[in-house]
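Structural overview
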Amino acid sequence: MTQCPKGDHEFPVEDETGAYCAEDGVTLLWRGEPITPEDFTPEPHARRTPPPAPRALGQHPH
């Protein structure tokens, strides 16, 4: 069983599609293979430069 992230208990409803806790209003949906610690390892080609600064309101790009 999966622990509810908001409560100190297991999800009361859990099946092959997800889990639901009415008490805390939390729904988890399973999709794809379970994640592993390697899924959180940064990729070597990750963005290293900051994104461009947002334009001030009212300025048009043309």
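Residues numbered from 1 in each chain as written. Predicted model: local features only at pLDDT ≥ 70, side-chain atom pairs only at ≥ 80, totals over all residues. Heavy atoms only, no water.

1. A word on the nonpolar core
In this structure, Cys 4, Phe 11, Ala 19, Cys 21 and Val 26 together form the largest nonpolar core, which totals five residues. Residues in contact with Phe 11, not counting those within four places in the same chain, are Met 1, Thr 2, Gln 3, Cys 4, Pro 5, Ala 19, Tyr 20, Cys 21, Val 26 and Leu 28. (Core = buried A, V, L, I, M, F, W, Y, C linked by side-chain atoms within 4.5 Å. Buried < 20%, exposed > 50% of the residue type's maximum accessible area, 1.4 Å probe, protein only. Contact = heavy atoms within 4.5 Å.)

2. Describing the sheet that holds strand β3 (residues 26–29)
The antiparallel open sheet is built from three strands, whose spatial order is β1-β2-β3. Each having just a single partner strand, β1 (13–15) and β3 make up the two edges of the open sheet. In this sheet, neighbouring strand axes are inclined to one another by 5° on average, regardless of whether the strands run parallel or antiparallel. Pairing of strand β2 (residues 18–21) with β3 involves four bridges; the strand directions are antiparallel. Residue pairing in the sheet places Ala 19 in a bridge with Leu 28 of β3. (Pairing = 2+ DSSP bridges. Helix = DSSP H or I, 4+ residues; strand = E, 2+ residues; numbered from the N terminus. Axes fitted to C-alpha atoms, helices over the stretch in contact; angles between N-to-C directions.)

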